[in-house]
Amino acid sequence: MRSTAHQHATAAGWDVARPPGPGPTAGVRIAGFRNRSAGPVEGPLFPHPAVTLVVAFGEGSLVVADAGGRRQRGSFVAGLVTGAARMRGEKVMCLEVRLSPVVARAVLGACPSELDGVVVALDDVWGRDAARIREQLGDATSWQERFALAQASIARRAETGPSVDPEVAWAWDRIAISHGRVRVEELAAEVGWSRKRLWSRFGSQIGLPPKRAARLVRFDHAVHRLAAGEGVARVAAEGGYVDQSHLHREVVAFTGVTPATAAGGPWLAVDDQAWAEHGVSETD
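**Student:** I keep staring at the side chain of Arg-218 and nothing clicks. Help me out?
**Tutor:** Position of Arg-218 among the secondary structure elements: in helix 9 (residues 210-227). One buried charge, Arg-218, has no salt-bridge partner; the nearest side chain with opposite charge is Glu-250, at 4.4 Å. Discounting residues that sit within four places of it in the chain, Arg-218 has contacts with His-179, Gly-180, Gly-239, Gly-240, Tyr-241 and Glu-250.

Next up, the structure:
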């Protein structure tokens, strides 16, 4: 699958770079993107079980329109569920950071629930620090230097920002590890909280209620399996869906397109290349 993903990433006109190993902050993943296409590129911003932070730098242009038609130019932050958001850019160079919702609150200084269904400018979240990190990334001469700068900045924020409750973090981990197939009704009993308390704390600190979070994680796992070439029937049966129609409805609900369209485009292949288990090191 990784070989196919790399071929599709190359065909889509993207160079992808990753740090060679895990960074200093748990729940944080980073990748670098450089668009090589002669003309503009456009594509969907699929929902993902992480808050997405994109820092654009260099001379290129990047515009993201969320489901409500609001446009953000340049660096942005996208919540867990973005609806039918789309990205358009030309000569894009950017660093993408995926934040587990367990650490997103601390790193961003804002609750993920405030980002539900929207895309906001990074400047509105980080203030002057957004311009500072953009300038630093633009002045850096290699991806490894950019990764080090970003990781250090994120680590400082994670250490000083507000943390989520241990019980909420545990519930999220259970949902993520099970690919969304955990019985969320049992989570409250397992952490020793009332259902009302867990649902309230989880929703405010993670950004989605537990059932919707499980749906998102299950969708993400399924759509990547489809992009890797697995059959719809098998993915539906093994992914916890009632049938193929159920899977179809979920993909449309999260992306606005059919499973075939989602799996057939280059974006998920680029995604798999960027977030493969082993890092890819590339220079400018």
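Once the structure has been displayed, the description carries forward.
**Student:** How do you make sense of empty space enclosed by the protein when you look at a structure like this?
**Tutor:** Gaps between atoms show up when a probe of the same size as a water molecule is rolled over them. With the rule as written, the count across this model stands at 2 cavities of 30 Å³ or more. Of the voids in this model, the largest cavity is the one considered here, and its volume is about 460 Å³. Along its surface, the largest cavity is lined by 28 residues, and Pro-44, Leu-45, Glu-96, Arg-98 and Asp-271 are the ones closest to its centre. The element contributing the most residues to the lining of the largest cavity is helix 13 (residues 267-274), with 4 residues.

**Student:** Teacher, can you tell me more about helix 5 (residues 143-160) here?
**Tutor:** Residues that lie three or four places apart on an α-helix share one face, since the helix turns once every 3.6 residues. Taking 1.5 Å per residue, 18 residues should reach 26 Å; helix 5 reaches 26 Å between its end C-alpha atoms and fits that length. Among the residues of helix 5, Trp-143, Arg-146, Phe-147, Ala-150, Gln-151, Ser-153, Ile-154, Ala-155 and Arg-157 are the ones counted as buried.

**Student:** Where do I start with the pattern of salt bridges in this structure?
**Tutor:** If the charged atoms of two oppositely charged side chains come close together, the side chains can form a pair. The final tally for this structure, using the stated rule, is 15 salt bridges. Taking the shortest distance from any N to any O, the salt bridge between Asp-123 and Arg-134 comes out at 3.1 Å. Placement of Asp-123 in helix 3 (residues 122-126) and of Arg-134 in helix 4 (residues 128-139) is noted, with a sequence separation of 11 residues between them. The partner of Arg-215 in a salt bridge is Glu-250, and the shortest N-O contact between them spans 2.8 Å. Taken together, the positions of Arg-215 in helix 9 and Glu-250 in helix 11 (residues 244-255) put the pair 35 residues apart, joining distant regions of the chain. On the accessibility criterion, Glu-250 (8% relative accessible area) is buried. Here the salt bridges do not stand alone but share partners, grouping Arg-225, Glu-230, Arg-234 and Glu-238 into one network.

**Student:** Sorry if this is basic, but what is going on with the sheet that holds strand 3 (residues 41-44) here?
**Tutor:** The strands that make up a sheet pair up through hydrogen bonds in the backbone, lying either parallel or antiparallel. The strand order 3-8-5-6 describes an open sheet built from 4 strands, whose pairing is antiparallel. Only two strands of the sheet have a single neighbouring strand rather than two, namely strand 3 and strand 6 (71-73). If you compare each strand with its neighbour and ignore which way they point, the axes differ by 15° on average. In the sheet, strand 3 pairs with strand 8 (residues 86-90) via 4 bridges, with the strands oriented antiparallel. Its bridge partner lying in strand 8, Pro-44 is registered against Arg-86.

Thresholds, definitions, all that
- Residues numbered from 1 in each chain as written.
- Predicted model: local features only at pLDDT ≥ 70, side-chain atom pairs only at ≥ 80, totals over all residues.
- Heavy atoms only, no water.
- Helix = DSSP H or I, 4+ residues; strand = E, 2+ residues; numbered from the N terminus.
- Buried < 20%, exposed > 50% of the residue type's maximum accessible area, 1.4 Å probe, protein only.
- Lys, Arg positive; Asp, Glu negative; His and termini not counted.
- Salt bridge = Lys/Arg side-chain N within 4 Å of Asp/Glu carboxyl O.
- Contact = heavy atoms within 4.5 Å.
- 1 Å grid on protein atoms, 1.4 Å probe; cavity = no way out; pocket = protein on both sides within 12 Å on 5 of 7 lines; lining within 4 Å.
- Points joined across faces, edges and corners; volume = space filled by probe spheres on them.
- Expected span 1.5 Å × (residues − 1).
- Pairing = 2+ DSSP bridges.
- Axes fitted to C-alpha atoms, helices over the stretch in contact; angles between N-to-C directions.

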